[in-house]
Amino acid sequence: MMMDAKTAVITGGSRGIGRAVALALSEQGANIAILYGGNVQAAEQTCAVIAQKGVKVKAYACDVSDFSACEHTIGKILEEFGQVDILVNCAGITADNLCMRMKEDEFDRVIDVNLKGTFNMIRHLSAHMMRRRYGRIINFSSVMGIMGNAGQANYAASKGGIIALTKSVAKELAARGVTANAIAPGFIETDMTSKLSDKLKEEYVAHIPAKRVGKPEEVAQLVLFLASDAAAYITGAVIPIDGGISM
Ligand code: NAP
């Protein structure tokens, strides 16, 4: 299979898009290490499904915003899996508010989890990937990181930052066989978007050229391609997957 003998680390791999990514990679034979925030039940349930594919799988509770916790968890993963070939930075949160009303901790927490969390993981895995002269880093941005969004200044800033972080890392690692790319999804049906009211969803869908929301499995197929050997010459790219809304 395409991912035989590869190991993938997926932050936020217990639920939503990250879960679909973990399933898609495991279906192609990759061993899977999942990082999750606090929902043990979701992590265990996802691991049980992945274990049925006959690959190695383990979930680690690790707050990606914590620099030392990421270092410790990556150390454990390297001990238990021996290597990491693919890093998917999918953990993300929202705390929406108009900028004029946004609390300091709403801004800080979203930046810390989304942007610093992505940095933390890359920081602690890039030397390993450079030494092996192989690696695939796939970071989750968002169309909001390209377009901005009223009520999401913190989230959009974190996702715009991920684009700049991805391009910088891509430049640093390209000569060592390590690629770094960003995916910018539009509206994808997960727990994150289920918080929105039906009215808001309808208004949003009306603006999507494809006239529908996306599925986590559709995003997972893009990650699968970027993680494959076929994508060796793609680096520093920002790829929207959004039914055309960012056009
Ligand atoms: P989701 O369903 O809410 O799942 C979020 C995942 O991130 C969960 O596995 C969660 O684990 C984990 N997580 C949250 N905070 C964490 C932390 N501090 N440390 C470690 N893990 C943490 O989200 P989603 O909709 O699948 O989104 C996945 C990614 O795609 C995010 O980066 C999001 O910004 C991006 N995105 C989503 C959409 C969309 O429409 N859904 C659009 C554009 C971009 P626990 O359950 O244990 O907390």
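Residues numbered from 1 in each chain as written. Predicted model: local features only at pLDDT ≥ 70, side-chain atom pairs only at ≥ 80, totals over all residues. Heavy atoms only, no water.

1. Describing the pairing of strand 2 (residues 31-36)
Spelled out, the test is: Type-normalised accessible area, obtained with a 1.4 Å probe on protein chains alone, sets the label of each residue: buried when under 20%, exposed when over 50%, and partly exposed for intermediate values. Helix and strand definitions follow DSSP, with helices as H or I runs of at least four residues and strands as E runs of at least two, each counted in order from the N terminus. In this description, strands pair whenever DSSP reports at least two bridges between them. Consider the strands pointing away from the viewer: the crossover is right-handed when the path from the first strand over the helix to the second runs clockwise.
For strand 2, a buried count of five out of six residues is recorded, marking the element as mostly surrounded by other parts of the structure. The pairing of strand 1 (residues 7-11) with strand 2 spans five bridges and is classified as parallel. In the strand pairing of strand 2, I10 is matched with I34. Read from strand 1 through helix 1 (residues 16-27) to strand 2, the crossover connection turns out right-handed. Bridge count between strand 2 and strand 3 (residues 57-61): five bridges; the pairing is parallel. Directly across from Y36, in strand 3, lies its bridge partner A61. With respect to chirality, the unit in which strand 2 leads through helix 2 (residues 40-51) into the neighbouring parallel strand 3 is right-handed.

2. Description of the side chain of D242
Spelled out, the test is: Asp and Glu count as negative and Lys and Arg as positive, but His and the ends of the chain are not part of the count. One side-chain nitrogen of Lys or Arg within 4 Å of one carboxyl oxygen of Asp or Glu is enough to make a salt bridge.
When you line up the elements, D242 lands in the segment after strand 7 (238-241). This buried residue, D242, is left without a salt bridge; R212 holds the nearest opposite charge, at 10 Å.

3. Describing the sheet that holds strand 5 (residues 135-140)
Test applied: Throughout, an axis means a line fitted to C-alpha atoms (over the contacting stretch in the case of helices), and angles, computed between N-to-C directions, take values from 0 to 180 degrees.
One open sheet holds the seven strands; their spatial order is 3-2-1-4-5-6-7, and the pairing between them is parallel. In the strand order of this sheet, the two ends are held by strand 3 and strand 7, each with one partner. In this sheet, adjacent strand axes meet at a mean angle of 20° when their direction is disregarded. Judged from the four bridges that link them, strand 6 (residues 178-185) and strand 7 form a sheet pairing that is parallel. Within strand 7, the residue paired with A182 across the bridge is V238.

4. Some details on the pattern of salt bridges
Counting across every chain of the model gives eight salt bridges. The salt bridge partner of R15 is D191, with a shortest N-O separation of 2.7 Å. Within this pair, whereas R15 is found in the loop between strand 1 and helix 1, its partner D191 is found in helix 7 (residues 191-194), the two being separated by 176 residues in sequence. Taking the shortest distance from any N to any O, the salt bridge between E27 and K53 comes out at 3.2 Å. Of this pair, E27 sits in helix 1 while K53 is found in the loop between helix 2 and strand 3, placing the two residues 26 residues apart along the sequence. Residue classification places K53 among the partly exposed positions, given a relative accessible area of 35%.

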